[in-house]
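Here are the chains, one letter per residue:
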Amino acid sequence: MSIPGANVSSERRNFFMSSAQLEALEKKEALEQDPIRQKLGSPLRAPARILGFELCDDDTAVFALANYQARVADLKTGECKKAAVKHTGPVTAVAVMPDSYKASSSRIALSASWDKTVKVWSVNNPQRTLAVLSGHSDFVKCLVVHPTLPFVYTGSSDKTILFWKLPQSAEELSESSEPMVIRPFKTVKGQHTGQIYTMCLDRETAGVLFSAGSDASIRAWSAMDGSPRVADGAAFDGEWVVPRGQHKTNISDIKCTEGGLWTASADKTVISWDIETGKADMVLEHSTTVTAVLPIPQVGVVVTGVRDGAIYIWRVNDGSPRIIREINAHTDDVTCLRIAGRCFYSSSLDETLRVWAIEDVVGFSGGLEYMPAELAALKAQVAEKSSATSLDKLGGSASVLTEEEERELAELMSDIDDM
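This structure is a prediction, so every number in the text was calculated from the model and none was measured.

Here we look at the overall build of the protein chain
Working step 1: When you go through the protein chain residue by residue, the secondary structure sums to four helices and 32 strands.
Working step 2: With 419 residues in all, the protein chain has 50% of them scored as buried.
Working step 3: The contacts in the protein chain between residues at least 6 apart in sequence include a share of 46% that link residues at least 24 apart.
Working step 4: Surface accessibility of the protein chain: about 20,100 Å² in total, with carbon and sulfur atoms responsible for 48%.

Considering the pattern of salt bridges
Working step 1: In this structure the tally under the stated criterion is eight salt bridges.
Working step 2: A salt bridge links K102 to D99; the shortest N-O distance between them is 3.2 Å.
Working step 3: Between K255 and D253 there is a salt bridge, with its nearest N and O atoms 3.3 Å apart.
Working step 4: Relative accessible area serves as the criterion here: at 10%, D253 is assigned to the buried category.

Points about the packing of aromatic side chains
Working step 1: Here the structure, examined in full by the defined rule, presents seven aromatic pairs.
Working step 2: Here the aromatic rings of Y153 and F163 are separated by 4.9 Å at their centres, their planes lie at 90°, and the arrangement is edge-to-face. Of this pair, Y153 sits in strand β12 (residues 151-156) while F163 sits in strand β13 (residues 161-165); the two residues are 10 residues apart in sequence, bridging distant segments of the chain.
Working step 3: Overall, the relative accessible area of 0% leaves F163 in the buried class.
Working step 4: Pairing W356 with Y370 gives two aromatic rings, centres 6.3 Å apart and planes at 80°, and the pair type is edge-to-face. Taken together, the residues W356 in strand β32 (residues 352-357) and Y370 in the loop between α2 (358-363) and α3 (373-394) connect sequence positions 14 residues apart.
Working step 5: By relative accessible area, which is 2% here, W356 ends up buried.
Working step 6: Overall, the relative accessible area of 9% leaves Y370 in the buried class.
Working step 7: Through pairs of rings, three or more aromatic residues link up here, namely F151, Y153, F163 and F185.

Quick look at the side chain of S214
Working step 1: Within the secondary structure layout, S214 lies in the loop between β17 (208-213) and β18 (218-222).
Working step 2: Given the relative accessible area of 19%, S214 is considered buried.
Working step 3: Within polar-contact distance, the side chain of S214 engages the backbone nitrogen of Q195 at 2.7 Å.
Working step 4: With residues near it in sequence (within four places) discarded, S214 still touches G194, Q195, Y197, R244 and N250.

Digging into the pairing of β17
Working step 1: In terms of burial, β17 is a largely internal element, six of the six residues being buried.
Working step 2: Neither face of β17 is left uncovered, since the one carrying V208, F210 and A212 and the one carrying L209, S211 and G213 both have all their residues buried.
Working step 3: The pairing of strand β16 (residues 196-201) with β17 spans five bridges and is classified as antiparallel. Each bridged residue has a counterpart across the sheet, and for L201 the counterpart in β17 is L209.
Working step 4: Two successive antiparallel strands, β16 and β17, enclose a turn made up of six residues, where A206 displays a positive phi of approximately 55°.
Working step 5: The sheet contact formed by β17 and β18 spans five bridges and is antiparallel. Paired with F210 across the bridge in β18 is A220.
Working step 6: Between β17 and β18, which follow one another and run antiparallel, lie four residues, and A216 among them has a positive phi close to 65°.

A look at the confidence of the model for the protein chain
Working step 1: Across the protein chain, pLDDT averages 89, with 84% of residues at or above 70.
Working step 2: The low-confidence segment residues 396-400 (pLDDT under 50) makes six contacts with residues lying over four places distant or belonging to another chain.

Topic: the sheet that holds strand β23 (residues 260-265)
Working step 1: With antiparallel pairing, four strands are arranged side by side in an open sheet as β22-β23-β24-β25. The open sheet terminates on both sides in strands that have one partner only, identified here as β22 (251-257) and β25 (280-285). On average, each strand axis in the sheet is inclined to that of its neighbour by 15°, with strand direction left out of account.
Working step 2: Relative to β25, strand β24 (residues 269-274) runs antiparallel, the two being bridged by five bridges. If you follow I271 over to β25, its bridge partner there is V283.

Calculation criteria
- Residues numbered from 1 in each chain as written.
- Predicted model: local features only at pLDDT ≥ 70, side-chain atom pairs only at ≥ 80, totals over all residues.
- Heavy atoms only, no water.
- Helix = DSSP H or I, 4+ residues; strand = E, 2+ residues; numbered from the N terminus.
- Buried < 20%, exposed > 50% of the residue type's maximum accessible area, 1.4 Å probe, protein only.
- Contact = heavy atoms within 4.5 Å.
- Areas by Shrake-Rupley, 256 points an atom, 1.4 Å probe, with all protein chains shown as cover.
- Salt bridge = Lys/Arg side-chain N within 4 Å of Asp/Glu carboxyl O.
- Phe/Tyr/Trp six-rings, centres within 6.5 Å; stacked < 30°, edge-to-face > 60°.
- Polar contact = N/O pair within 3.5 Å; in protein donor to acceptor, adjacent residues only side chain to side chain.
- Pairing = 2+ DSSP bridges.
- pLDDT = per-residue confidence, 0-100.
- Axes fitted to C-alpha atoms, helices over the stretch in contact; angles between N-to-C directions.

Here is the structure:
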């Protein structure tokens, strides 16, 4: 007797997978073999699932990886460097200290992990841990650094936010042969009733820290001492807080703009908030879990990433929010969106980081789905070959492609690889 939905297979990788799960896996693998997706966004491939990333400069990024490592990536060569920061659990978040905070001319980075610690290290020498931030009793899920002060903020599955202060000078970190152990100077607890997934500092003063997570509420704290932000008006009862209700479940990402706040949630929405009133200004409805959000107010758009890997560009500055562009490049959950100059970057569980020119994506006139001209032509040729193959099959042809067609397709694939 067979069990409905069960998969019967002799392949080891298929053990304990339902037919639906196996079908989803096969679909994902097919997408990964798509020659267009292999080029779209100039993917930089990491050695494991990317759970988060941060940009150091125009040439360098830092990855948080599911294989218990943090890695430095060279954006010019498109390669991950071999040297790694090693944790004993998945690395969930990374951050980079301000450019003014350097040791031996190197930027200082931090990596947060399920191993309950945050490690501090040099971007130029990741294998040496300079300091360890120790104080959480459960997974560290998010990490924020202050733009002008040596302050670090971490959120955890233990429902707390910890405030940390690094040495005033980064050179002090490298003076000892052993990693410096740093304890938090402030613990914020009791207000959030669930895991803390995401945080950000206000853009104007960096004086307010916003936090959100599995309890679907948004809270605000003084970035100096961790006290709840005091708020006036009928919308608040002394403290700035947006309670659960507008968002129905997990808030996965939060970003600040001048005077505004954007949140992405598993309830399939992205919401824009007025910081002064705590009221929702705009709701962007999606068809699946939203995992990342990136407002780009300079051009009047918001970028969102979702569970199935799609990226949407929303026009939000004319009173009628709508999707103006869709990017289908990633084959798994989008995990992080960042902006740098005239480009934005996206990372995914598909182990890639991709880069997008904002002007090209927003100004694209070829339809809803973004496709650069050089790839659009190749996509059309691949589709034509695929259509011809299908017709051959329907006609009972014994050969899928003729010898000449096989040579043409091989040349086409070579053209793609040379891009």
